[in-house]
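# Geometric and topological summary
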Amino acid sequence: MTPDARRPYIAGNWKMFKTAGEAREFTQKLLARLPMGNGVELALCPPFTALAATLDGLGGSEIKVLAQNMHQEPEGAFTGEVSAPMLVELGVHGTLLGHSERRQYFNETDRALQEKIPAALGAGLQPMLCVGESEDEREEGETQRKLRHQVQEALERVPDAQLADVVIAYEPIWAIGTGKVATAEMAQDAIGFIRALVGDRSKDAAERVRVLYGGSVKPENAAAILAQPDIDGALVGGASLDPDGLIEIVTAAAAQVQ
Ligand code: 13P
């Protein structure tokens, strides 16, 4: 049974999809069709330009809104960047950090994440740290080495008492947008390993930290993944663009709490 602190968590990462108008339309459909009181924590991660419309569209609902990235400094000469206080002022609840697409295409480094995660926590934003190995790394038996490096580096400056306030998403790069989902056993193994890494720092945090799986999660495969003992939810890309698909995944997560 999932301890209370590990409430199932489903987050929809829209990546660079949806204008503000499309986001608003999505929230209307979602609120009209989503069964309330389902026990699942749900978050949407729109592009910066659709954050305000998403927050507004969700009104007073419990659904959270996360940004997809954030700069570590509160302000400064960093053209094109957005800071924690700017997100907080909008009413945003948290932010993805270290998504593999940011690491791959925009030079996101573990060093920057070491500053971004404490900056988010300090501002009252929930950081969702993304980690995961490439296909080559998995084939070469390097998965655990990669995960150890990413988790230890990114969490280095987070005090033990705050470790469980970070949400971690394990997203094997080879499973993102490819339709090639990790087997439930592979996902469980990697996520159990990530939980143990947190346990090297604090046993209490390891019990409480939520670790999600991401990579081609769809309504058809969500239940098998979410049934694994260490997997507390899912970070969903493509399937979260359609409110009905997202609701089916939330429903699969809700079945785990019954
Ligand atoms: P897909 O669900 O489209 O594979 O994307 C996963 C992802 O990167 C979520 O952050």
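As the structure is a prediction and not an experimental result, all values here were calculated from the model.

So, about the site of the ligand. The local shell around the ligand consists of Asn 13, Lys 15, His 99, Glu 171, Ala 175, Ile 176, Gly 177, Gly 215, Ser 216, Leu 235, Gly 237 and Gly 238. Contacts to the ligand include Asn 13, whose side-chain N or O atom sits 3.0 Å from an oxygen atom. Contact with the protein chains covers 96% of the free accessible surface of the ligand, which is 310 Å². In terms of residue class, the shell around the ligand is made up of three nonpolar, seven polar and two charged.

Another point: the pattern of salt bridges. With the rule as written, the count across this model stands at 19 salt bridges. For Glu 41, the salt bridge is made with Arg 210, and the minimal N-O distance between the two is 2.8 Å. Taken together, the residues Glu 41 in strand 2 (residues 41-45) and Arg 210 in the loop between helix 9 (203-208) and strand 7 (211-214) connect sequence positions 169 residues apart. For the pair formed by Glu 41 and Arg 210, the shared burial category is buried.

This part covers the packing of helix 1 (residues 20-33) against helix 2 (residues 51-58). One way to put it is that helix 1 packs onto helix 2 with a least axis distance of 8 Å and a crossing angle of 25°. What the angle tells us is that helix 1 and helix 2 run roughly parallel. In this structure, the crossing between helix 1 and helix 2 has a hand that is right-handed. Every residue of helix 2 that contacts helix 1 at Ala 20, Ala 23, Arg 24, Thr 27, Leu 30 and Leu 31 is listed here: Ala 53, Thr 54, Asp 56, Gly 57 and Leu 58. When the residues that make up the contact of helix 1 with helix 2 are grouped by side-chain class, the tally is six nonpolar, three polar and two charged.

Pairing is parallel in the closed barrel, where eight strands are placed in the order 1-2-3-4-5-6-7-8. The sheet shows a mean angle of 25° between the axes of neighbouring strands, direction not considered. Bridge count between strand 2 and strand 3 (residues 64-67): two bridges; the pairing is parallel. Looking at strand 3, one finds that Ala 43 is bridged to Lys 64. Helix 7 (residues 143-155) contacts strand 5 (126-131) and strand 6 (167-170) of the sheet and is inclined by roughly 155° relative to strand 5.

Before going further, it helps to examine helix 5 (residues 110-122). Here helix 5 is 13 residues long and its end C-alpha atoms lie 18 Å apart, about the 18 Å a rise of 1.5 Å per residue gives. For helix 5, every residue scored as buried is listed here: Asp 110, Ala 112, Leu 113, Gln 114, Lys 116, Ile 117, Ala 120 and Leu 121. The secondary structure elements touched by the buried residues of helix 5 are strand 4 (94-97), helix 4 (100-106), strand 5 and helix 7.

What counts and what doesn't
- Residues numbered from 1 in each chain as written.
- Predicted model: local features only at pLDDT ≥ 70, side-chain atom pairs only at ≥ 80, totals over all residues.
- Heavy atoms only, no water.
- Near = heavy atom within 4 Å.
- Polar contact = N/O pair within 3.5 Å; in protein donor to acceptor, adjacent residues only side chain to side chain.
- Areas by Shrake-Rupley, 256 points an atom, 1.4 Å probe, with all protein chains shown as cover.
- Nonpolar A, V, L, I, M, F, W, Y, C, P; charged D, E, K, R; others polar.
- Salt bridge = Lys/Arg side-chain N within 4 Å of Asp/Glu carboxyl O.
- Helix = DSSP H or I, 4+ residues; strand = E, 2+ residues; numbered from the N terminus.
- Buried < 20%, exposed > 50% of the residue type's maximum accessible area, 1.4 Å probe, protein only.
- Axes fitted to C-alpha atoms, helices over the stretch in contact; angles between N-to-C directions.
- Parallel < 35°, antiparallel > 145°, perpendicular 65-115°, else oblique.
- Left-handed = near helix turned anticlockwise from the far one by under 90°.
- Contact = heavy atoms within 4.5 Å.
- Pairing = 2+ DSSP bridges.
- Expected span 1.5 Å × (residues − 1).

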